[in-house]
Amino acid sequence: MKEENKSQAFFVSNRKRLLPLLEEQSLTLLFSNDEMPRTGDQYFPFRQNSNLFYLSGIDQPNVILAICPQHPNPALREILFIEPNTPEDVIRNGYKYTKEEANSISGVETVYPIADFERTLLSLTCHAQHIYLDLPENPRYSYEIECRQRRRINQLKALYPLHNYHRLYPLLSCLRLIKSPEELHRIQHACEITAKAFKRTLNVVRPSMMEYEVEAEIAHEFIRNGITAHAFAPIVASGKNACVLHYTNNRAVCKNGDLLLLDFGAEYANYASDLSRTIPVNGTFSQRQRQIYNACYRVYEYAKTLFVPGMSINKVYKKVCEAMQPELVSLGLFTQKDIEKQTSEYALMKKYFMHNIAHFIGLDVHDVGTTDIVFEEGMVLSCEPGIYIAEEETGVRIETTLMVSSVPFDFMSNLPVSPDDIELMMRLKLENF
Ligand SMILES: [Mn+2]
């Protein structure tokens, strides 16, 4: 069994924390994500439904978790349904958890074959007034394709129209916001791998290298450290490509004299990390590049101090805007007079810093939590100011993953961030990292 799967107490306690949030006589059902068809007979790499993972630790397709806390039969209060693992199935579909393993990872005592779900459901629904179902909810994103969760909701509502249906997502997003020691440990580990990959890039980047060659160095360090996946598609953007916020093409040449913006993160044991750094391709910042970089760096150092209890992403963003605007004036991008004439607040600044300052990080790199959530100790977020000057074909972003605390904790504080330190590290070309 993988090291990261030996965390039964964590998943047991997550389920325990959910119970007081549920109505009496309730049934909660979570379904694993679909395997997404790629082409021919292939699938895209499988990614578990984060909420199902959070409550069970089971990271494989075709899994259902049922929680029915007041069921008269104690054996039916928590049930995991999984695919069978007969020798024939293993030969055809690869290894899946046995009943014993699924029990040992999740702490759920009753593990049934998934074929028994519909039959068992009859008994569960008989003893429930309320049914909680999990549908992905994100204020910035809506799914066009039908996901398994939505299909199941439609089926259940047709079969059992007289139950009261509830949204599980808000309850779980509330639980997932503050990270437990187990989660912090996983995020820390993901950040350590990400940090190693950044040090590796410092060691190899040179003029005329292809962006995808740099990406390959990141992937090499990730895979040899046992990541689950990239937390998101890595961005390796040289020169003007840095002004495309979600540039993932990574097929251009890193030119002598250009800056290279890197934004990537390892996912370890299903938990994400997120890092951005901007480095000079030839190892030395030009005077203008240093000017732009330092402006972003000052805002970054200031912004990091704002991730304290009582703040929110919206409040941090506002303070960062106040700090960013004069920096852009001193870079000569617009004048104080222009600011007085602008039609809406920070309109000029938003031309050069057009994204938010932070997002929550956890099981998902853009994790649960909205921009007005009040920070509490133990929440984990990115901090990522950027300055993008399309007319100069240059973009700088500096980002880390940090934990809210009275003194915010930076998971990657050991990495070079000042221009001098980056130049020094690139000169040293360290052999051991
Ligand atoms: Mn980010």
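Refer to the structure printed above.
Residues numbered from 1 in each chain as written. Predicted model: local features only at pLDDT ≥ 70, side-chain atom pairs only at ≥ 80, totals over all residues. Heavy atoms only, no water.

### Thoughts on the coordination of the manganese ion
For step 1, the next point in the chain: Distances from the manganese ion to its protein donors, Asp274 (OD), His359 (NE2), Glu384 (OE) and Glu399 (OE), fall within 2.0 to 2.5 Å.
For step 2, the next point in the chain: Classification of Glu384 as buried rests on a relative accessible area of 9%. (Donors = N, O, S within 2.8 Å, 3.2 Å for Na, K, Ca; no water. Buried < 20%, exposed > 50% of the residue type's maximum accessible area, 1.4 Å probe, protein only.)

### Focus on the pattern of salt bridges
For step 1, the next point in the chain: As enumerated under the stated definition, the model contains 24 salt bridges in all.
For step 2, the next point in the chain: Across the pair Glu267 and Arg47 runs a salt bridge whose closest N-O atoms are separated by 3.3 Å. Placement of the pair is Glu267 in strand 10 (residues 266–268) and Arg47 in the loop between strand 1 (26–31) and helix 2 (50–56), with a sequence separation of 220 residues.
For step 3, the next point in the chain: For Arg47, a relative accessible area of 27% corresponds to the partly exposed category.
For step 4, the next point in the chain: Across the pair Arg200 and Glu221 runs a salt bridge whose closest N-O atoms are separated by 3.0 Å. In this pair, Arg200 is assigned in helix 8 (residues 181–204) and Glu221 in helix 9 (residues 211–224), connecting sequence segments 21 residues apart. Residue Arg200 shares its accessibility class with Glu221, and that shared class is buried.
For step 5, the next point in the chain: One network of salt bridges, in which partners are shared, links Arg47, Arg176, Lys179, Glu267, Asp364 and Asp367. (Salt bridge = Lys/Arg side-chain N within 4 Å of Asp/Glu carboxyl O. Helix = DSSP H or I, 4+ residues; strand = E, 2+ residues; numbered from the N terminus.)

### Considerations on the sheet that holds strand 6 (residues 164–167)
For step 1, the next point in the chain: Across the sheet, which stays open at both edges, the 6 strands sit in the order 4-3-2-1-5-6 with mixed pairing between neighbours. Among the strands making up the open sheet, the edge pair consists of strand 4 (110–113) and strand 6. Put simply, the sheet's adjacent strands are angled 20° from each other on average, direction ignored.
For step 2, the next point in the chain: Note: strand 5 (residues 130–133) against strand 6, 4 bridges, orientation parallel. Its bridge partner lying in strand 6, Leu133 is registered against Arg167.
For step 3, the next point in the chain: Packed onto the sheet, helix 5 (residues 117–126) meets strand 1, strand 2 (64–67), strand 3 (78–82), strand 4 and strand 5 and runs at close to 155° relative to strand 1. (Pairing = 2+ DSSP bridges. Axes fitted to C-alpha atoms, helices over the stretch in contact; angles between N-to-C directions. Contact = heavy atoms within 4.5 Å.)

### A word on helix 4 (residues 99–106)
For step 1, the next point in the chain: Buried within helix 4 are the following residues: Ala102, Ile105 and Ser106. One face of helix 4 carries all of its buried residues, which in axial projection span an arc of 85°.
For step 2, the next point in the chain: Of the surrounding secondary structure, the elements contacted by the buried residues of helix 4 are helix 1 (8–18), helix 2, strand 3 and strand 4. (Arc of directions from axis to C-beta.)

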